[in-house]
Amino acid sequence: MDFNVKKLASDAGVFFSRAMQFTEEKLGQAEKTELDAHFENLLARADCTKNWTEKILRQTEVLLQPNPSARVEEFLYEKLDRKVPSRVTNGELLAQYMTEAANDFGPGTPYGKTLIKVGETQRRLGAAERDFIHSASINFLTPLRNFLEGDWRTISKERRILQNRRLDLDACKARLKKAKAAEAKAALWSDEVEKAEHELRLTQTEFDRQAEVTRLLLEGISSTHVNHLRCLHEFVESQTNYYAQCYQYMLDLQKQLGRFSGTFVGNTESTSPPPAATSPPAVATATLPAVPTIPVVPTIVGVPNTVAEGVLNPNEVKPPASGTRKARVLYDYEAADSTELALLADEMITVYSLPGMDPDWLIGERGNQKGKVPVTYLELLS
């Protein structure tokens, strides 16, 4: 019991002595042992590494998981040493909605078929995103966290010990200085000088030993940079593979859907703009050939406008002398009545427009069969 009390009293005395020394240094009333320039550079480099590693780590976490609530949840699971539950990516959720919508609209309809195709691509994009996040977390985030929670904590601990050793050393120097000043006035203080010198030698040895330990840890920052450089290369490689996958998936989808610019030609008077009306990227625009529109046959005075009246007799319709085009059918189409022409995907037909005709429709011919066909089911060829 007495031993514990003495130890507590000793610790309190050491703490008070260090606090007094630190305060006097701040007030300029006490001398401070300065570290050499190389050591100071090592300290500055270590602090810089720690600060930027924290910023890069946090921003990479935001990049991989923009949802702050999800990041907090993952952090809590990690601290509780529990496995983070699998979370559906935004692309996978969109794919689910598109598939369910296609089933409601009819998977055999053009819109339903397209929703299924786009949804499948979104699912693949979501899976690629999941793989990228997993790879980046293991190969990049984990090493950064390990440095901050491992090496940096060790460095910080040894730096605090070194700071205490320096305060003890400077306090001993101050006591020795006072003892020598007192010795000059009276020979009775010679024992105090000898005691102060002995304490100074001990504290100097402890300070030098701790400075060497701290120096070795600080010089290890160079190895940390090498390790983080390797991790950075792995992160870039993972990100490159991810974006390459996404690009390939979208190219495949574009091939499946065909060129929307050709699909919606002729629908210039529609109340709702076609998908191709959205401005594509400059590179994609440069690669798409210009698709001429179908000339509309002018109205001839004296000829009844049967199309405008909503009545079409295929036997009475004759193709114009000019303005016919070839078209490739994009999707199967079932004729709603005898005035329409049923279509099969990938077949080639001849199309043309008649005066007063709805711009969403054309007249299509296949051999001796003819009838109205929807423009959105066709890819018009030059």
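Just above sits the structure.
Note that the coordinates shown come from a computational prediction; the quantities given were computed from them, not determined experimentally.

1. Examining the pattern of salt bridges
Piece 1. One pass over the structure, following the stated rule, counts 16 salt bridges.
Piece 2. Salt-bridge contacts for E206 lead to R165; the nearest nitrogen and oxygen are separated by 3.9 Å. Note that E206 is positioned in helix α6 (residues 190–219) and R165 in helix α5 (residues 110–183), a separation of 41 residues in sequence.
Piece 3. Looking at R165, the relative accessible area reads 25%, which means it is partly exposed.

2. Structural notes on the packing of α5 against helix α7 (residues 221–257)
Piece 1. In the contact formed by α5 and α7, the axes pass within 9 Å of each other and the chain directions differ by 175°. Viewed along their axes, α5 and α7 adopt a mutual orientation that is roughly antiparallel.

3. Observations concerning the sheet that holds strand β5 (residues 378–380)
Piece 1. Pairing in this open sheet of five strands is antiparallel, and the strands run β4-β3-β2-β1-β5 from one edge to the other. The open sheet terminates on both sides in strands that have one partner only, identified here as β4 (369–374) and β5. Direction aside, the axes of adjacent strands within the sheet are offset by 40° on average.
Piece 2. Bridge count between strand β1 (residues 325–329) and β5: three bridges; the pairing is antiparallel. Bridge pairing in β5 links A327 to L380.

4. A look at the packing of aromatic side chains
Piece 1. The full count for this structure, using the stated rule, is nine aromatic pairs.
Piece 2. Arranged with centres 5.0 Å apart and planes meeting at 5°, the rings of F132 and Y242 form a pair that is stacked. Within this pair, whereas F132 is found in helix α5, its partner Y242 is found in helix α7, the two being separated by 110 residues in sequence.
Piece 3. Judged by centre distance (5.8 Å) and plane angle (90°), the ring pair of Y331 and Y377 falls under edge-to-face. Taken together, the positions of Y331 in the loop between β1 and β2 (348–352) and Y377 in the loop between β4 and β5 put the pair 46 residues apart, joining distant regions of the chain. An identical accessibility class is assigned to Y331 and Y377; each is buried.
Piece 4. Taking the ring centre of W52 as reference, the NZ or CZ of K55 above it sits at 4.6 Å.

5. With respect to the environment of Q210
Piece 1. By the element assignment, Q210 lies in helix α6.
Piece 2. What Q210 contacts, discounting residues up to four positions off in sequence, is E158, I161, L162 and R165.

6. Looking at unusual backbone geometry
Piece 1. Even without being a glycine, D346 presents a positive backbone phi close to 80°.
Piece 2. Among the secondary structure elements, D346 is positioned in the loop between β1 and β2.
Piece 3. The class for D346 is exposed, based on a relative accessible area of 55%.

7. Topic: the environment of K370
Piece 1. Residue position: K370 is located in strand β4.
Piece 2. Polar side-chain contacts of K370 include one of 3.4 Å to the side chain of E365.

8. Concerning the pairing of β4
Piece 1. Summarising the sheet, strand β3 (residues 361–366) and β4 pair through six bridges and their orientation is antiparallel. Directly across from L362, in β4, lies its bridge partner V373.
Piece 2. Between β3 and β4, which follow one another and run antiparallel, lie two residues, and G367 among them has a positive phi close to 65°.

9. Side note on the packing of helix α2 (residues 37–64) against α5
Piece 1. As a packed pair, α2 and α5 sit with axes 10 Å apart at the nearest point and diverge in direction by 150°. Comparing their axes, α5 and α2 come out roughly antiparallel. As for the relative orientation of α2 and α5, their crossing is left-handed in sense.

Cut-offs and rules
- Residues numbered from 1 in each chain as written.
- Predicted model: local features only at pLDDT ≥ 70, side-chain atom pairs only at ≥ 80, totals over all residues.
- Heavy atoms only, no water.
- Salt bridge = Lys/Arg side-chain N within 4 Å of Asp/Glu carboxyl O.
- Helix = DSSP H or I, 4+ residues; strand = E, 2+ residues; numbered from the N terminus.
- Buried < 20%, exposed > 50% of the residue type's maximum accessible area, 1.4 Å probe, protein only.
- Axes fitted to C-alpha atoms, helices over the stretch in contact; angles between N-to-C directions.
- Parallel < 35°, antiparallel > 145°, perpendicular 65-115°, else oblique.
- Pairing = 2+ DSSP bridges.
- Phe/Tyr/Trp six-rings, centres within 6.5 Å; stacked < 30°, edge-to-face > 60°.
- Lys NZ or Arg CZ within 6 Å of the ring centre and 35° of its normal.
- Contact = heavy atoms within 4.5 Å.
- Polar contact = N/O pair within 3.5 Å; in protein donor to acceptor, adjacent residues only side chain to side chain.
- Left-handed = near helix turned anticlockwise from the far one by under 90°.

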